Amino acid sequence: MAGMERVLPEFLCKGIEKGIEYAYSFEPYFTPTLVLVPGFVKEAVENLSETTGQDVETLEYLLGMFMCYPLGLIMLALPYGKVKHLFSFILGAFLLQFTIGVQWIHHLISSLIAYAIFLVFPAKTAKTLVPIFAMVYITGGHLHRQYINYLGWDMDFTGPQMVLTMKLYSLAYNLYDGEVLKQGKEERASKKCADVAVMSLPGIIEYLGYTFCFASILAGPAFEYKYYADACDGSRLYDKNGKPKGKIPSQVLPTLRPFLGSLLCLGIFVVGSGMYPLLNPSDPQNADPIIINEEALSKPMYARFAYSWLALFFIRFKYYFAWMNAEGANNIWYAGFEGFDDKGEAKGWEVSNNIDLIQFETAPNLKTLSAAWNKKTANWLARYVYIRTGGSLFATYGMSAFWHGFYPGYYFFFLSVPLISFCERLGRKKLTPRFGNGKKWSPYGILCIITTSLFVQYMIQPFQLLAYDWAIVNWKNYYFIGHILAVAFYAVVSQLPTPKKKEA
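Presented here is a report on the structure given in the accompanying data block. (Residues numbered from 1 in each chain as written. Predicted model: local features only at pLDDT ≥ 70, side-chain atom pairs only at ≥ 80, totals over all residues. Heavy atoms only, no water.)

1. Describing empty space enclosed by the protein
Scanning the model with the defined rule gives three cavities of 30 Å³ or more in all. Of the pockets and cavities examined, the largest cavity occupies roughly 120 Å³. Taken together, Trp309, Arg316, Phe360, Glu361, Ala363, Leu369, Ile449, Thr452, Ser453, Val456, Gln457 and Ile460 make up the lining of the largest cavity. Listed by contribution, the elements that provide at least two residues to the lining of the largest cavity are helix 15 (301-331), helix 16 (357-361) and helix 23 (443-465). Considering each element in turn, the lining of the largest cavity owes the most residues, six residues, to helix 23. Lining the second largest cavity we find Met75, Leu76, Tyr80, Lys84, Asp230, Ala231, Gly234, Arg236, Leu237, Trp333 and Tyr334. The set of elements that each furnish at least two residues to the lining of the second largest cavity consists of helix 5 (56-77) and helix 12 (225-233). In terms of residue class, the lining of the second largest cavity is made up of seven nonpolar, one polar and three charged. (1 Å grid on protein atoms, 1.4 Å probe; cavity = no way out; pocket = protein on both sides within 12 Å on 5 of 7 lines; lining within 4 Å. Points joined across faces, edges and corners; volume = space filled by probe spheres on them. Helix = DSSP H or I, 4+ residues; strand = E, 2+ residues; numbered from the N terminus. Nonpolar A, V, L, I, M, F, W, Y, C, P; charged D, E, K, R; others polar.)

2. Here's the deal with the pattern of salt bridges
Scanning the model with the defined rule gives 13 salt bridges in all. Here glutamate 186 makes a salt bridge to lysine 191, at a shortest N to O gap of 3.1 Å. According to the relative accessible area criterion, glutamate 186 is exposed, its value standing at 66%. Residue lysine 191 is classed as partly exposed on the basis of its relative accessible area of 48%. A salt bridge links aspartate 230 to lysine 226, with the nearest nitrogen and oxygen atoms 3.2 Å apart. On the criterion of helical spacing, the pair formed by aspartate 230 and lysine 226 is a turn pair, its members being four residues apart in helix 12. Given the relative accessible area of 15%, aspartate 230 is considered buried. The exposure class assigned to lysine 226 is partly exposed, which follows from its relative accessible area of 31%. Connected through shared salt-bridge partners, Asp195, Glu224 and Arg383 make up one network. (Salt bridge = Lys/Arg side-chain N within 4 Å of Asp/Glu carboxyl O. Buried < 20%, exposed > 50% of the residue type's maximum accessible area, 1.4 Å probe, protein only.)

3. A closer look at the packing of helix 7 (residues 105-120) against helix 9 (residues 158-182)
At a minimum axis separation of 11 Å, helix 7 and helix 9 run at an interaxial angle of 10°. Judged on the interaxial angle alone, helix 9 and helix 7 are roughly parallel. Between helix 7, through His106, His107, Ser110, Ser111, Ala114 and Phe118, and helix 9, the contact on the second element is made entirely by Pro160, Gln161, Leu164, Leu168, Leu171, Ala172 and Leu175. In terms of residue class, the contact of helix 7 with helix 9 is made up of eight nonpolar, five polar and no charged. (Axes fitted to C-alpha atoms, helices over the stretch in contact; angles between N-to-C directions. Parallel < 35°, antiparallel > 145°, perpendicular 65-115°, else oblique. Contact = heavy atoms within 4.5 Å.)

4. With respect to helix 23
A rise of 1.5 Å per residue sets the reference length of helix 23, with its 23 residues, at 33 Å; its end C-alpha atoms lie 34 Å apart and thus fit the reference within 8%. When the local axis directions of helix 23 are compared, the greatest deviation, roughly 30°, occurs at methionine 459, which is followed within four positions by the proline proline 462. One or two steps after helix 23, the chain reaches leucine 466, where phi turns positive at roughly 70°. (Expected span 1.5 Å × (residues − 1). Bend = angle between axes of the 7 residues up to and from the residue.)

5. Some details on a nonpolar patch on the surface
Side chains of Val35, Leu36, Leu86 and Ile90 sit close together on the surface and give an oily, nonpolar patch of about 320 Å² of accessible area. Note that leucine 36 resides in the loop between helix 3 (27-30) and helix 4 (39-52). For leucine 36, a relative accessible area of 31% puts it in the partly exposed group. (Patch = residues over 30% accessible without salt bridge, like charges linked within 9 Å, V, L, I, M, F, W, Y side chains within 5 Å. Areas by Shrake-Rupley, 256 points an atom, 1.4 Å probe, with all protein chains shown as cover.)

6. Here we look at the layout of surface pockets
Over the atoms, a rolled probe matching the size of one water molecule traces out where space is still vacant. Taken as a whole, the second largest pocket spans an internal volume of roughly 880 Å³. Taken together, 35 residues make up the lining of the second largest pocket; nearest its centre are Pro364, Leu447, Cys448, Thr451 and Thr452. Put simply, the parts of the chain that give the lining of the second largest pocket at least two residues each are helix 15, helix 21 (417-430), helix 23 and helix 25 (481-493). Looking at the lining of the second largest pocket element by element, the count peaks at ten residues for helix 23. Its residues assigned to classes, the lining of the second largest pocket shows 20 nonpolar, eleven polar and four charged.

Any link to function would need more than the numbers given here.
This is the structure:
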């Protein structure tokens, strides 16, 4: 809170505090809703916390993630239809109550308000109102978190709410696209998203099953309603006569591979981040981060950059763990299965895949890198922001920053990314036809991989540092070299003649 008080006027701080106090006054009314988690379960987790030395929040989150696997087996065994939807809803609510307690009510309230909007307003209006409502709600959550726990990383409702925001936002456009397609209108964006269009508003049980889906509620991925509904009614695997659409593949390997991969990533994160911490482990909220403390700044720039590169590399494995774990939890009941093509051949398991680790770490350009990282968020931004705003990069990256929260570090990163994108597009137009041969591991391709990694690692550091002063100090001590080189590259390369197609 002290961090916010440094930048906000006193009268505004007092107003915010009164607003927070008023919101908290409703807590006694919602506490009785915590009926899904028995008291002895909480006691067992607290005892485990004392034994292992891990904080309760971390243990609850990890246990919640791993619980999705036995729950997935139950989901697989349940009959298709409302039973699956009801199970998905109740167990999703259970996981929220287990991990964030009374704050689970935010998920329910925002889901029900959005559903009321869907019921009352036509799809053309709801596609605007629901995204605005969802973004306003998550905005309030981010501001609250930032005010009461500035620079803190404690678990609260904003994580699951970010996933819900994508679901509500997407469903609003899915319903609109379905309406457009039913009327036979020619609308480019709707035609592009026809495969995930929803023709009518789902029933309340089906809807809550989707918004609370246990397998994606803690860490995503937020895939479209149609994929979830097809997995629950069996239409992904069977035709209307109950016959398989093709040879149904086993889900064992698609479940075990990401599950075991997630365990490996968890181990790498714990060990690597312990060796190369980015923030100060003794006081991450107040003490200067390791990469900008006095000792670090006394070292040569290349040494500081190498350390930060390693620190950020190991931090990413935290996200790899969560996304891979969630992928396996969805695949176990075929929610991640893509279905069959017209020939009856299985398409694959991309629905719940949220990260391509190797592709991301060896990306030769920003486009490939973005497509491999947090895929379903990238998909949401592409389908429901980028193509709906005429291909605006600033609108897309701005929305991404807004969705993440309001720490200055987010905006430093996301508003710097278009600069790299412009340089990349220019390089692809002017340089690739001259030096590239289409092979990733050619000398030119390797140079692109290294350049992409170095520039992205430079640009993304404020994203993890969050605070304005920390981010500025960090870039200042690199002399803003990444930005300067990008501008210089654009200025020089833009003067080169564009190769003719026959020279490419």
